[in-house]
Amino acid sequence: HQTMRAASSFAFAVAILACLALSTAEKCSVADASIVQDVVYTDMATTWISTERGLLEDKMAVFSAEFRLFCKSEQVKGAALKVAIVYRSGSEAYVPKEGLSKVAVMANAAGGYQLSFALPEKQMPSGEYKAEIYFEGEDSVAASISMFHSVPFIVGRHMEMLSAGLLAMQAYVVYSKFSAAR
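These figures come from a predicted structure and were not determined experimentally. (Residues numbered from 1 in each chain as written. Predicted model: local features only at pLDDT ≥ 70, side-chain atom pairs only at ≥ 80, totals over all residues. Heavy atoms only, no water.)

1. Here we look at the overall build of the protein
If you tally the helices and strands in the protein, you get 2 helices and 9 strands. In the protein, once contacts between residues fewer than 6 apart in sequence are set aside, the share between residues at least 24 apart is 62%. Looking at the protein as shown, the accessible area adds up to about 12900 Å², and 60% of this sits on carbon and sulfur atoms. (Helix = DSSP H or I, 4+ residues; strand = E, 2+ residues; numbered from the N terminus. Contact = heavy atoms within 4.5 Å. Areas by Shrake-Rupley, 256 points an atom, 1.4 Å probe, with all protein chains shown as cover.)

2. Quick notes on the sheet that holds strand β8 (residues 127-135)
Read across the open sheet, the 4 strands follow the order β5-β4-β8-β9; overall the sheet is antiparallel. Every interior strand has two partners, whereas the edge strands, β5 (95-96) and β9 (143-149), have only one. (Pairing = 2+ DSSP bridges.)

3. Overview of the confidence of the model for the protein
For the protein, per-residue confidence averages 80 on the pLDDT scale, and residues scoring 70 or more make up 79% of the total. Counted against residues more than four places away or in other chains, residues 1-25, with its pLDDT under 50, gives 0 contacts. (pLDDT = per-residue confidence, 0-100.)

4. Some remarks on unusual backbone geometry
For Lys 72, which is not glycine, the phi torsion reads 50° and is therefore positive. Considering the arrangement of structural elements, one finds Lys 72 in the loop between β2 (54-71) and β3 (74-76). A positive phi angle, close to 70°, is found at Ser 73, a residue other than glycine. Residue position: Ser 73 is located in the loop between β2 and β3.

5. Thoughts on the pairing of β9
The two faces of β9 differ: Ala 143, Ile 145, Met 147 and His 149 on one face are buried, but Ser 144, Ser 146 and Phe 148 on the other face are not. In this sheet, β9 lies alongside β8 in antiparallel orientation, the contact comprising 7 bridges. Among the inter-strand pairings, Ala 131 is bridged to a residue of β9, identified as Ile 145. (Buried < 20%, exposed > 50% of the residue type's maximum accessible area, 1.4 Å probe, protein only.)

6. Here we look at the nonpolar core
Counting residues in each nonpolar core, the largest one holds 29 residues, and the members touching the most others are Leu 69, Leu 115, Phe 117 and Phe 135. Among the secondary structure elements, those contributing two or more residues to this core are β2, β4 (81-88), β7 (112-120), β8 and β9. Take this core: its biggest share by element is 6 residues, from β2. Look past the residues within four positions of Leu 115 in its chain and what remains in contact with it is Phe 63, Ser 64, Ala 65, Phe 67, Val 83, Val 103, Ala 104, Ala 131 and Met 147. (Core = buried A, V, L, I, M, F, W, Y, C linked by side-chain atoms within 4.5 Å.)

Right, dumping it as structure tokens:
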């Protein structure tokens, strides 16, 4: 009976130590945190919507980043993270991007993390978008990822006309060079 009590006390102590090890492993001071950016992806997703007035183009600016976090050179796995997106154009100061103060972060079994967000293109002007990554419960930025987005100046039918004009000019230049060589 005493052997069972000792074994159960030992198992309880091991369980307590394991819980303490897990809880201290999850805590990392912001000063000790570092990041490795694995993938950063930005793009425009376009869909066409058929309406009574014809086809409407719907564009979304899409951002995605995969990263790993480290604390004193040890990979941080499964930490609760929160992300806020800030924006700047040129050398202006960063400002919070409306609607993106709480971007979800997913974790995988290997210890990597991913964040993704999308907004209508009209709400996403050209510039630098920075994902500020926080440990849950912390107010200081642990790490950040910069993502650049640019909106083309010429789009739709205007782009088609410009392209046709440029192709015509190139054809003329090629034709004139071969005509002179005859």
